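Overview (structure and organization)
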Amino acid sequence: MTVPHAIDGATLLDEVEAFHRRFNVFPTEAAYVAVALWDAHAHLIDCFETTPRIAFLSPEPGSGKSRALEIVELLTPRPVATVSASANALYRLVDSAEGLPTVLFDEVDTIFGPKAGADEALRGFLNAGYRRIGGALRCVGEGSNQNAQVFNSYCAVAMAGLGSLPDTVLTRSVIVRMRKRAPNEKVEPYRQRIHEKQGHALRDRLAKWADTVRDQVAQAWPAMPDGVTDRPADVWEPLLAVADAIGGDWPGRARAACLELISAAHDNDEASLGVRLLTDLRDKVFCGADRMPTAAIIECLLRMDDAPWGDLDDKPINSRTLARLLGQYVTPANKPIKPRGIRTPSGFPKGYYADDLTDAWTRYCPPSSEESATSATPQVNRGASVADTATPIRHMSAQAATQPTLAR
């Protein structure tokens, strides 16, 4: 009896990576690792609790995003490419008896751009389908003869688009930020008639390999790199499980890529306006002070040239907007943060106390460095009313109190 040769997963995935390198220029080595693992994970999607989306994003056209999707399409099972599809059609596609598709969204920016408010249902499809238990309740039938039915939405999704995506989608995605090729970066011209067969041959080998490790992967709980928890761990767990099953140098490469791409995603994240405000208050306004009048806070915020506070909906931040943004967060006593009276020699103005903000600073702001705490200097005595409160009050930093007055 002839024993079939075992499939060398590491060698196979090396070939998948090399196939991408022929036609795609990704920004980092970590991106090649992640994309190859993502291709393989699509063949094992039934083994996981979650399936990460993969998003090829760029600021400008002509950066190779669509070509990346084309190569992914060749290597993944039951691919369905679309640039426009209704959520209902996608729910029915996923729920069909033919098996889970790999959905490839090109020009995804047209779905989530500023004029795409009607496509919230598609956002719901992408978010719900990231987890196996996700689904949608829909009415089926005609007229009064309708019944409620739950449609499955769990499937692998790859996306390509300009700009960015909603935070709810980004946090469920492995993000590859594409760039235009430099003059010295060359790729092989892609010809579908020639290269489709080669890609499909790799796809079929991936499918056979997946069948040999399906039980192993379904029971796997891969070790996460230090510091990778919560949503990032959910995103990367399937890819690390695949890497461990493949063996060779892929487990180590996968974990290095995991850390690199998570860090890069954080570096590119635009914090919510509320978190940005809290962070600026901690690092550039209070700077160790225990209370600040609202007027002094506004003065400081408006002096930050690289901050959004001078142009919020076409007008600068004011005391009402400040109160509204901070009121979303709570004090250590679990009460909304609100302005309180501050006694000064010239009156009793409203302001904010650091004690009320500490819990929000701890929970929402990135760690601060000693450098940011000492180098950021609040310049509050720009006008007479602010200067009056700055000099005599012990809560104002000595450095802030000695800043020269600037004319408006």
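This text goes with the structure placed above it.
Position labels on residues start from 1 in each chain and follow its written sequence. Only residues with pLDDT of 70 or above have their local features reported here, since the model is predicted, and side-chain atom pairs are shown and tallied only from 80 upward, although totals for entire chains, interfaces and linings are computed over all residues. Only hydrogens and water are removed before side-chain values are computed, so all heavy atoms of the structure are retained for them.

1. As for the overall build of the protein
Applied cut-off: Each helix is a run of H or I in the DSSP string that is no shorter than four residues. Each strand is a run of E no shorter than two, and both are numbered from the N terminus. Burial classification: accessible surface area is computed with a 1.4 Å probe over protein chains only, and a residue below 20% of its type maximum counts as buried, one above 50% as exposed, and the rest as partly exposed. Should any heavy atoms of two residues lie within 4.5 Å, those residues are considered in contact. Per-residue and other accessible areas follow the Shrake-Rupley method at a 1.4 Å probe size, with only the shown protein chains counted as cover for residues.
When you go through the protein residue by residue, the secondary structure sums to 17 helices and ten strands. Here the protein holds 408 residues, and the buried ones make up 46% of them. Here the analysis covers contacts within the protein between residues at least 6 apart in sequence; of these, 71% occur between residues at least 24 apart. A total accessible area of about 20,900 Å² is found for the protein, and carbon and sulfur atoms account for 50% of it.

2. What about helix 9 (residues 230–246)?
Heads up, the condition is: To estimate the expected span of a helix, subtract one from its residue number and multiply by 1.5 Å. Note on bend: the value at a residue is the angle between axes fitted to the seven residues ending there and to the seven starting there.
Its 17 residues give helix 9 an end-to-end C-alpha distance of 25 Å, which sits within 8% of 24 Å, the value for a rise of 1.5 Å per residue. At W236, helix 9 shows its maximal kink, close to 40 degrees; a proline, P238, follows between one and four residues later. The set of residues buried in helix 9 consists of A233, V235, W236, P238, L239, L240, A241, V242, A243, A245 and I246. With its phi angle positive at about 80 degrees, G247 sits one or two positions after the end of helix 9.

3. Some words on the sheet that holds strand 3 (residues 102–105)
In plain terms, the rule: Following DSSP output, two strands are said to pair if at least two bridges run between them. A fitted line through C-alpha atoms serves as each axis, taken over the contacting stretch for helices, and the angle formed by two N-to-C directions is quoted from 0 to 180°.
If you trace the five strands from one edge of the open sheet to the other, you get 2-3-6-1-7, paired in parallel fashion. Every other strand in the sheet has two partners, leaving strand 2 (79–82) and strand 7 (173–177) as the edge strands with one partner each. Ignoring strand direction, the axes of neighbouring strands in this sheet form an average angle of 15 degrees. Direction of pairing for strand 2 relative to strand 3: parallel, over a ladder of four bridges. In the sheet register, P79 faces strand 3, and the bridge partner there is T102.

4. With respect to the nonpolar core
Short version of the rule: The criterion is simple. A nonpolar core is a set of buried Ala, Val, Leu, Ile, Met, Phe, Trp, Tyr and Cys residues joined through side-chain atoms within 4.5 Å.
Counting 64 residues, the largest nonpolar core has L37, F56, W209 and W236 as its most contacted members. Every residue in contact with F56, bar those within four places of it in the chain, is listed here: F26, V35, K65, A68, L69, V72, M159, A160, G161, V176 and M178.

5. Quick word on the packing of aromatic side chains
Which entries qualify depends on this criterion: Stacked, edge-to-face and tilted are the three classes for Phe, Tyr and Trp ring pairs, Trp counted by its six-membered ring, which pair at centre distances within 6.5 Å; planes under 30 degrees apart are stacked, over 60 edge-to-face, the rest tilted. Over a ring means this: the NZ of a Lys or the CZ of an Arg is within 6 Å of the ring centre and within 35 degrees of the ring normal.
Summed over the entire model, instances satisfying the criterion amount to six aromatic pairs. On the basis of an interplanar angle of 80 degrees and a centroid distance of 5.5 Å, the ring pair of F23 and Y190 is categorised as edge-to-face. Of this pair, F23 sits in helix 1 (residues 9–23) while Y190 sits in the loop between strand 7 and helix 8 (192–218), placing them 167 residues apart in sequence. The class of F23 is buried, set by a relative accessible area of 4%. For Y190, a relative accessible area of 10% gives the class buried. Between F26 and Y32 the ring centres are 4.8 Å apart and the planes differ by 45 degrees, which places this aromatic pair in the tilted class. By relative accessible area, F26 is classed as buried at 4%. Taking relative accessible area as the criterion, Y32 reaches 7% and is therefore assigned buried. What links up through ring pairs into an aromatic cluster is the set F19, F23 and Y190. The aromatic ring of Y32 is capped on one face by R21, whose charged end is 3.9 Å from the ring centroid. The ring of W250 carries the charged tip of R253 above its face, separated from the ring centre by 4.7 Å.

6. Let's talk about unusual backbone geometry
Phi is positive for R78, close to 45 degrees, though the residue is something other than glycine. Looking at the element boundaries, R78 is found in the loop between helix 3 (65–75) and strand 2. At C287, a position not held by glycine, the phi torsion is positive, near 50 degrees.

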